[in-house]
Amino acid sequence: MKIGCLGGGPAGLYFATSMKLRDAAHDVTVFERNKPDDTFGWGVVLSDETLQNLAANDPVSANEIRGNFAYWDDIAVHYRGQKIVSTGHGFSGIARKTLLLLLQQRARSLGVDVRFQTEIAAVRDLAKSYDLVVAADGLNSRARNELADHFKPAIEQRKNKFVWLGTHQKFDDAFTFIFEETEHGWIWAHAYQFDADTATFIVECSDETWQKFGFGTMSQEENCRACEKIFAKYLGGHPLMSNAAHLRGSAWLNFPRVLCEKWSYENIVLMGDAAATAHFSVGSGTKLAMESAIAMADYLCTEPNMAAAFAKYEDARRTEVLKLQSAARNSLEWFEDVERYLHLDPVQFNYSLLTRSQRISHENLRLRDKKWLEGAEAWFQRLAGAGDNLVRRPMFAPFKLRDMRLKNRIVVSPMAQYKAVDGRPTDWHLVHYAERAKGGAALVCTEMTCVSPEGRITPGCTGLYAPEHEVAWKRIVDFVHRETDAKICCQIGHSGAKGSTQLGWEEMDAPLKSGNWPLMAPSSAAWSPRNHAPLPMTRDDMVHVRDQFVASAEMAARCNFDMLEIHCAHGYLLSSFITPLTNWRTDEYGGSLENRMRFPLEIFHAVRAVWPTEKPISVRISANDWVGADGIEPPEAVAISRMLQEAGVDICDVSAGQTSIQAKPVYGRMFQTPFSDRIRNETGMATMAVGNIFEPDHVNSILMAGRADLVCLARPHLADPYWMLHAAAKLGDFGETWPQPYYAGRDQLYRLSAPAEPTTGRA
């Protein structure tokens with residue numbers, strides 16, 4: 001096969017080598033526009049996993065690369081006068097120039113024709129002379145630009161400014177992060193050794209700080225001197241150096257996130273940064289490039305033809321790229337929003353930084369550095385008031401809201417059961433809530449309990465508007481209090497335009513086949529073209545609904561619920577006032593956010609007035625309508641939360657979506673946690689995180705990083721009412737309370753689950 005590779009970077013050179021290793025008869029030429037020793041980066045970071053992949057593909061070049069590595073196991077974080085070090089991270093650095101020279105030498109030794117200072121004017125023309133053209137020509141790919149109509153690249157310029165520098169202060173003891181507060185704002189550095197006497201030193205800051213420093217008006221030399229002054233106490237007298245003479249001006253950049261809709265066209269295929277980029281803070285750009293080269297070479301050998309090879313390459317590598325880009329996005333967003341976290345204690349700040357990409361979990365940190373993590377866990381327990389030097393995972397820490405004390409941080413999230421009879425909870429509900437209260441969670445929340453018959457979502461929804469409802473709920477609450485140490489919360493709400501629909505296991509959100517009741521909402525916006533249009537509420541309607549909420553709250557107080565939650569999410573009545581998607585009013589209850597929040601806040605104040613002072617109230621919100629600027633977006637959710645906080649709401653239950661059939665959610669594990677994180681750390685308000693949280697690792701990472709105060713699990717508790725007790729046993733934590741009649745089962749589970757060494761104890 002006659003192969004042309006555009007770009008003499010790691011992707012192009014390593015692909016050329018990989019193809020010659022598979023068949024020495026391949027005629028492979030690499031075209032590079034620069035000189036052999038031109039390079040515009042400093043160091044390259046590769047993980048142990050990537051090194052293993054390279055060794056399996058080509059032991060010769062892998063050994064050469066290993067022989068030029070600088071290794072480190074530690075990550076050091078300088079923050080607010082403290083240096084926090086954790087170990088076990090296993091990374092290696094190599095000079096980019098050294099890596100390229102090694103790859104050039106290896107490719108040439110196998111017969112690859114490497115041509116430098118060679119420009120390719122038209123990729124289409126080149127493709128006519130070759131069986132295959134691999135476009136590995138980098139971030140500013142000429143091939144991608146020439147065929148943009150086909151590849152359809154999406155290029156997003158991110159917010160922060162950064163500059164690649166180098167220094168002979170080696171930072172040879174750890175990958176080092178340095179956060180410095182200056183008169184112009186916070187600025188930070190990512191530093192790591194890559195050869196015997198040099199380290200990469202990337203300086204990053206917000207655009208606002210960059211503007212205030214005037215970095216954009218400085219020469220590269222002036223930038224180096226300015227950054228030296230900022231980080232002087234870490235540089236040991238060594239200067240900072242730039243090798244970006246090819247760039248005009250100051251050499252500061254904004255990171256471009258690139259992802260192409262398609263990666264191949266006829267006999268041309270994209271590879272490396274030409275196809276997709278990963279932010280430098282996860283150090284995986286070279287990893288992506290070289291592992292993609294291996295995959296493409298494999299598929300060209302195993303698949304029946306080039307088209308099939310391209311299809312398999314794009315399918316398999318896109319999945320890996322998206323995973324890495326997701327982690328990279330999480331990481332770059334953490335740095336873009338780092339000022340959100342600068343109030344955190346150094347212990348929690350360090351943990352938040354280490355877990356920012358969601359690739360490193362709580363238990364993964366334990367494998368890396370058990371001593372450091374146990375110290376952090378002891379800090380968390382101490383902060384929660386559990387005692388000094390107690391080493392337990394964050395999920396087992398107590399929490400207090402007003403006078404309500406929770407034994408741990410796990411909440412059974414509200415889950416509709418659709419088993420009520422005329423609004424009255426039945427024995428089904430007694431068993432359902434009792435089992436989950438016995439199962440170890442600290443707080444059990446009821447499904448949305450409706451304040452009126454017409455406020456029900458379905459005929460099977462529970463209510464709290466009739467004497468028999470109060471009697472039935474009190475029976476459930478009394479059982480929970482008598483037989484368990486869990487607390488129980490009553491979530492109250494009104495369905496609005498989403499009412500009068502079928503049971504959840506029939507056709508979700510579809511109108512009843514018969515017997516529909518009238519609906520009301522802020523405006524006449526129907527949930528869907530199939531659903532009935534609601535009547536816009538008059539002021540009298542609003543007063544009437546407000547009084548229904550108050551009456552339900554009074555009943556909940558008499559039932560002795562420990563906590564109340566007002567449902568202002570998921571497109572139900574109060575949610576439909578908040579989002580502009582369904583609030584079209586032109587009076588004082590529509591228009592601005594302040595106006596749209598007016599009725600929900602009226603409800604809260606009225607309910608707070610009758611709810612016992614010592615008991616907390618939560619409000620559930622949808623922090624993102626998932627429709628872009630037409631609906632609620634995360635910044636507006638922060639403003640909503642501030643209003644709730646100022647009104648006296650004790651904790652925000654941060655959900656998202658379900659407010660419109662136009663919504664396009666971005667799913668994934670813990671996919672709604674960032675909204676909780678943002679609200680908690682920008683407002684200081686306590687939050688509950690929800691959304692595809694299903695493992696203890698998820699819970700502990702969320703809590704330890706300060707992304708939420710409580711964690712709500714729904715589906716896991718449907719599958720296993722004893723999720724918390726089973727999770728504790730699996731983790732080797734035997735400190736949770738079991739029902740006394742179940743002690744024999746507990747003891748057997750503990751014997752079967754006992755780890756080699758206990759994980760609960762004193763530091």
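Attention in this report is confined to the structure presented alongside it. Predicted, not measured: the structure shown is a model, and the values here were computed from it.

As for its position among the elements, Val 45 is in strand S3 (residues 43-47). Sequence-wise, Val 45 and Gln 662 are 617 residues apart; in three dimensions their C-alpha atoms are separated by 42 Å. Beyond its immediate sequence surroundings of up to four residues, Val 45 is in contact with Trp 72, Phe 91, Ser 92, Phe 175, Tyr 192 and Gly 283.

Under the definition given, this model contains 48 salt bridges. A salt bridge links Glu 435 to Lys 438; the nearest nitrogen and oxygen atoms lie 2.8 Å apart. With Glu 435 and Lys 438 both in helix H16 (residues 427-438) and 3 residues apart, the pair spans about one turn of that helix. Look at Glu 435 and you get partly exposed, because its relative accessible area is 21%. The shortest N-O distance in the salt bridge between Glu 682 and Arg 678 comes to 3.2 Å. Of this pair, Glu 682 and Arg 678 both sit in helix H23 (residues 673-683), 4 residues apart, which is roughly one turn of that helix. Residue classification places Arg 678 among the partly exposed residues on the basis of a relative accessible area of 24%.

Strands sit in the order S3-S7-S4 across an open sheet of 3 strands; the sheet is antiparallel. Two strands bound the open sheet, and with one partner strand each, they are S3 and strand S4 (70-72). Ignoring strand direction, the axes of neighbouring strands in this sheet form an average angle of 25 degrees. Pairing geometry for S4 and strand S7 (residues 91-95), over 3 bridges, is antiparallel. Across the sheet, Ala 70 pairs through a bridge with Gly 93, a residue of S7. Each of S3 and S7 is contacted by helix H4 (residues 96-109), which is oriented at about 80 degrees to S7, the strand it contacts most.

Rules behind the numbers
Residues numbered from 1 in each chain as written. Predicted model: local features only at pLDDT ≥ 70, side-chain atom pairs only at ≥ 80, totals over all residues. Heavy atoms only, no water. Helix = DSSP H or I, 4+ residues; strand = E, 2+ residues; numbered from the N terminus. Contact = heavy atoms within 4.5 Å. Salt bridge = Lys/Arg side-chain N within 4 Å of Asp/Glu carboxyl O. Buried < 20%, exposed > 50% of the residue type's maximum accessible area, 1.4 Å probe, protein only. Pairing = 2+ DSSP bridges. Axes fitted to C-alpha atoms, helices over the stretch in contact; angles between N-to-C directions.

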